[in-house]
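# Survey of secondary and tertiary structure
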Amino acid sequence: MSTLSVRVRKARSLVRLSQAELARRIGVKRSAVTQWENPEGTTPSVDHLIQIALLTSTNFEWLATGRGPSCSEVAEPASVIVDDYARDEYESRMLTQLRLMPMMKRRMALDIIGVLAR
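### Digging into the environment of L17
- By the element assignment, L17 lies in the loop between α1 (4-14) and α2 (19-26).
- On the basis of relative accessibility, which here comes to 8%, the residue L17 falls in the buried class.
- The sequence separation of L17 and L55 amounts to 38 residues, and the corresponding C-alpha distance is 9.6 Å.
- Not counting residues up to four positions away in its chain, the partners in contact with L17 are R12, L22 and R25.

### Describing unusual backbone geometry
- Backbone geometry at R16 places phi at a positive 55°, although glycine is not the residue there.
- With respect to the helices and strands, the residue R16 is situated in the loop between α1 and α2.
- Residue classification places R16 among the exposed positions, given a relative accessible area of 77%.
- Unusually for a residue other than glycine, S57 sits at a positive phi of about 55°.
- As for its position among the elements, S57 is in the loop between α4 (46-56) and α5 (60-65).

### Points about the environment of S18
- In this structure, S18 sits in the loop between α1 and α2.
- Of the residues examined, S18 reaches a relative accessible area of 40% and is grouped as partly exposed.
- For S18 and V33, which are 15 residues apart along the polypeptide, the C-alpha to C-alpha distance reads 9.6 Å.
- In this structure the side chain of S18 is engaged in a polar contact, spanning 3.0 Å, whose partner is the backbone nitrogen of E21.

### Describing the confidence of the model for the chain
- Scored by pLDDT, the chain comes out at a mean of 85, with 88% of its residues at no less than 70.
- Per-element confidence in the chain is highest for helix α3 (residues 30-36), whose mean pLDDT is 96, and lowest for helix α6 (residues 89-100), whose mean pLDDT is 84.

### Some words on the packing of α1 against α4
- One can describe the packing of α1 onto α4 by two numbers: an axis separation of 9 Å at closest approach and a directional angle of 35°. At the point where α1 passes α4, the crossing takes the left-handed sense. Between α1, through L4, V8, A11 and R12, and α4, the contact on the second element is made entirely by L49, I52 and T56.
- Here the residues of the contact of α1 with α4 are counted per class, giving five nonpolar, one polar and one charged.

### Notes on the nonpolar core
- Formed by 16 residues in total, the largest nonpolar core has its most connected members in V8, V28, V33, W36, I52 and L63.
- Contributing elements (two or more residues each) for this core: α1, α2, α3, α4 and α5.
- What V33 contacts, discounting residues up to four positions off in sequence, is R12, Q19, L22, A23 and V28.

What counts as what
- Every chain begins its residue count from 1, and numbering advances along the sequence as written.
- With the structure being a predicted model, the display of local features is reserved for residues of pLDDT at least 70 and the display and counting of side-chain atom pairs for 80 or more, all residues being used for whole-chain, interface and lining totals.
- Hydrogens are left out, water is left out, and the side-chain values use all remaining heavy atoms of the structure.
- Strands are runs of DSSP state E lasting at least two residues, helices are runs of H or I lasting at least four, and both sets are numbered from the N terminus onward.
- Categorising residues by exposure relies on relative accessible area from a 1.4 Å probe, with only protein chains included: less than 20% of the type maximum marks a residue as buried, more than 50% marks it as exposed, and the intermediate range marks it as partly exposed.
- The contact criterion used is simple: two residues touch if any of their non-hydrogen atoms lie within 4.5 Å.
- Here a polar contact means two N or O atoms within 3.5 Å. Within protein one must be a hydrogen donor candidate and the other an acceptor candidate, and residues neighboring in sequence count only if both atoms are side-chain atoms.
- Per residue, pLDDT measures the predictor's confidence, with a range of 0 to 100.
- With axes taken as lines fitted to C-alpha atoms, and helix axes fitted only over the stretch in contact, angles between N-to-C directions fall between 0 and 180 degrees.
- It is the rotation of the near helix from the far one that decides the hand of a crossing: anticlockwise by less than a right angle makes it left-handed, clockwise makes it right-handed.
- Throughout, the ten residues Ala, Val, Leu, Ile, Met, Phe, Trp, Tyr, Cys and Pro are labelled nonpolar, Asp, Glu, Lys and Arg are labelled charged, and all others, Gly among them, are labelled polar.
- What we call a nonpolar core is a set of buried Ala, Val, Leu, Ile, Met, Phe, Trp, Tyr and Cys residues that are connected through their side-chain atoms within 4.5 Å.

Dropping the structure here:
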């Protein structure tokens with residue numbers, strides 16, 4: 001079984017994200033990701049582990065504990081609406097922040113964006 005630091009690095013590397021890009025997407029400094037990937041470094045919070053698992057399509061249990069498969073064994077066909085992807089850095093940053101919000105704040109943010117778009 002590998003250590004948490006190795007699993008975090010492996011998950012990030014498999015989706016070809018740099019430490020800086022992973023850090024940006026989950027809202028931490030690059031040095032935090034460096035620490036997480038260092039065997040003697042700090043441990044990411046459960047919230048950060050969840051975000052890493054989501055961003056890297058990794059099973060949370062494997063990432064957190066090393067148990068189970070690293071990713072889903074059953075490949076589901078991807079159903080993607082191309083217009084749902086961020087088209088530039090601003091949309092990407094907004095989407096990242098939106099995903100960090102609780103549902104009630106997401107609704108409020110959507111209402112605010114709707115007013116601003118008029």
